[in-house]
Amino acid sequence: MVACSAAPSLELLSPERGGAGIQRVPSTLSGRADACVYIVNLPADSASLGIVGYTPQLSELIEDAMPLVWHLLARQSLSEQLPIYLFYVNPRDQIGTNAARLLQLLQLMSGKAQIWVPVSTSHSAILHSLRLILPEAVRLDLNYSSLLYVGDNANRKPMKAMAEACGMPFCFHALY
């Protein structure tokens with residue numbers, strides 16, 4: 001059994017510090033009781049909207065993505081014990097806001113073996129958020145931080161190119 005808690009450096013992403021919320025994903029949504037799965041960039045008002053701050057739509061996104069995330073980890077021989085950060089690209093927020101919060105996460109992941117998975121109802125927002133921070137992200141040490149993208153096949157090549165530009169291992173699975 002793995003003991004999980006949010007990494008201290010990720011406290012910088014808390015709303016009190018001008019960042020976005022981060023919470024551990026309940027095992028009912030992650031599908032694994034012993035997994036270290038977190039959601040980053042929770043909507044500011046989500047705490048009052050549902051269990052553990054999740055909206056029904058966000059819960060559904062997580063439930064749909066996690067079986068594919070576990071499949072990708074097994075297929076790529078990545079440890080299921082690594083922390084997994086689901087980054088929610090909120091289509092209601094400006095792209096610049098999502099991008100700034102994503103850059104915060106990647107800066108905190110720099111030099112660490114961790115996994116991040118973008119989730120959103122807008123796959124173009126995911127693509128544009130990463131594209132916006134690419135000049136800063138390429139300067140980070142992301143060689144150990146894998147990007148798992150479960151999404152639109154049309155975004156596969158640009159997402160892979162951006163991950164490779166940052167030195168991040170990239171894994172993809174279409175979400176249909």
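The structure presented is a predicted model; accordingly, all values stated were derived computationally and were not measured.

J.: So what's going on with the environment of alanine 113? Which residues, and what values?
T.: Here alanine 113 lies in the loop between α3 (95-109) and β4 (114-119). Overall, alanine 113 belongs to the partly exposed group, its relative accessible area being 40%. Along the backbone, alanine 113 and serine 79 are 34 residues apart, and their C-alpha atoms lie at a distance of 9.8 Å.

J.: Talk me through α3; I want residue IDs and the actual numbers.
T.: Between its terminal C-alpha atoms α3 stretches 21 Å, which fits the 21 Å expected from 15 residues at 1.5 Å a residue. Of the positions making up α3, those classed as buried are Asn98, Ala99, Arg101, Leu102, Leu103, Leu105, Leu106, Leu108 and Met109. Contacts from the buried residues of α3 go to β2 (37-42), β3 (84-88), β4, α4 (123-137) and β5 (145-151). In the stretch just after α3, glycine 111 is the one whose phi turns positive, near 80°.

J.: Go over empty space enclosed by the protein with me, naming the residues and quoting the values.
T.: To find leftover empty space, a probe the size of one water molecule is rolled over the atoms. Under the counting rule described, the total for this entry stands at one cavity of 30 Å³ or more. In this structure, the largest cavity occupies an estimated 50 Å³ of space. Leu61, Ala65, Pro118, Val119, Ser120, His123, Val150 and Leu175 are the residues that line the largest cavity. Of all the secondary-structure elements, those providing two or more residues to the lining of the largest cavity are α2 (56-75) and β4. Considering only residue class, the lining of the largest cavity consists of six nonpolar, two polar and no charged.

J.: Lay out the packing of aromatic side chains with the relevant residues and their values.
T.: Scanning all chains against the criterion turns up two aromatic pairs. When the centroid spacing of 5.8 Å and the interplanar angle of 35° are considered together, the rings of tyrosine 149 and phenylalanine 172 count as tilted. Separated by 23 residues along the polypeptide, tyrosine 149 in strand β5 and phenylalanine 172 in strand β6 (residues 170-174) bring together distant segments of the chain. Classification of phenylalanine 172 by relative accessible area gives buried; the value is 8%. Sitting above the plane of the tryptophan 70 ring, arginine 32 keeps its charged end 4.4 Å from the centroid.

J.: Break down the pairing of β4 for me, with residues and values.
T.: A large share of β4 lies buried, amounting to six of its six residues. Of the two faces of β4, both are covered, the one formed by Gln114, Trp116 and Pro118 as well as the one formed by Ile115, Val117 and Val119. Examined bridge by bridge, β3 and β4 share five bridges and lie parallel to one another. When the bridges of β4 are listed, tyrosine 85 appears paired with tryptophan 116. Chirality of the crossover, the property in question, places the unit of β3, α3 and β4 among those that are right-handed.

J.: Mind laying out the pairing of β6, listing which residues take part and the relevant values?
T.: Looking down a regular strand, the side chains alternate between one sheet face and the other. Of all five residues making up β6, four are buried, and the element is well covered by its neighbours. With five bridges connecting them, β5 and β6 associate as parallel partners. Opposite tyrosine 149, over in β6, you have phenylalanine 172 as the bridge partner. For the crossover that starts at β5, traverses helix α5 (residues 156-165) and ends in the parallel β6, the hand is right-handed.

J.: Describe the packing of α3 against α4, naming the residues involved and giving the relevant values.
T.: Orientation of α3 relative to α4, taken along the N-to-C sense of each, is 55°, at an axis distance of 8 Å. One finds that α3 runs oblique with respect to α4. Where α3 crosses over α4, the handedness of that crossing is right-handed. The segment α3 lies against α4, with Ile95, Gly96, Asn98, Ala99, Leu102, Leu103 and Leu106 engaging Ala125, His128, Ser129, Leu130, Leu132, Ile133, Glu136 and Ala137.

What counts, and at which threshold
Along each chain, the written sequence defines residue order, and numbers are assigned to residues from 1. Local features are withheld for residues below a pLDDT of 70 in this predicted model, meaning they are given only at 70 or higher, and side-chain atom pairs are given and counted only at 80 or more; totals for whole chains, interfaces and linings count all residues. Computation of side-chain values covers all heavy atoms of the structure but excludes hydrogens and water. Starting at the N terminus, helices and strands are each numbered in turn, a helix being any DSSP run of H or I of at least four residues and a strand any DSSP run of E of at least two. Think of it in three bands: with a 1.4 Å probe and only protein chains considered, a residue is buried below 20% of the maximum accessible area for its type, exposed above 50%, and partly exposed in between. Each helix should span, by expectation, one fewer than its residue count multiplied by 1.5 Å. Note on contacts: a residue pair qualifies if any of its non-hydrogen atoms lie within 4.5 Å across the two residues. Put simply, the grid is 1 Å and covers the protein atoms alone, a cavity is a trapped set of points that fit a 1.4 Å probe, a pocket is an open set with protein on both sides within 12 Å along at least five of seven lines, and lining residues have an atom within 4 Å of a point. Grid points are joined across faces, edges and corners, and a volume is the space filled by probe spheres set on the points. Side-chain classes are defined by residue name, with Ala, Val, Leu, Ile, Met, Phe, Trp, Tyr, Cys and Pro counting as nonpolar, Asp, Glu, Lys and Arg as charged, and the others, Gly among them, as polar. Aromatic contacts are taken between Phe, Tyr and Trp rings whose centres are within 6.5 Å, Trp giving its six-membered ring; a plane angle under 30 degrees counts as stacked, one over 60 as edge-to-face, and the others as tilted. Charge over a ring is defined by NZ of Lys or CZ of Arg lying within 6 Å of the ring centre and within 35 degrees of the ring normal. When DSSP finds at least two bridges between two strands, those strands are taken to pair. Orient the strands so they point away from the viewer; a crossover is then right-handed if the path from the first strand over the helix to the second runs clockwise. Helix axes are fitted to C-alpha atoms over the stretch in contact, other axes to C-alpha atoms as well, and angles between N-to-C directions run from 0 to 180 degrees. By definition in this entry, angles of less than 35 degrees are roughly parallel, angles greater than 145 are roughly antiparallel, angles of 65 to 115 are roughly perpendicular, and the rest are oblique. Two helices cross in a left-handed way if the nearer one is turned anticlockwise from the farther one by less than a right angle. They cross in a right-handed way if the turn is clockwise.

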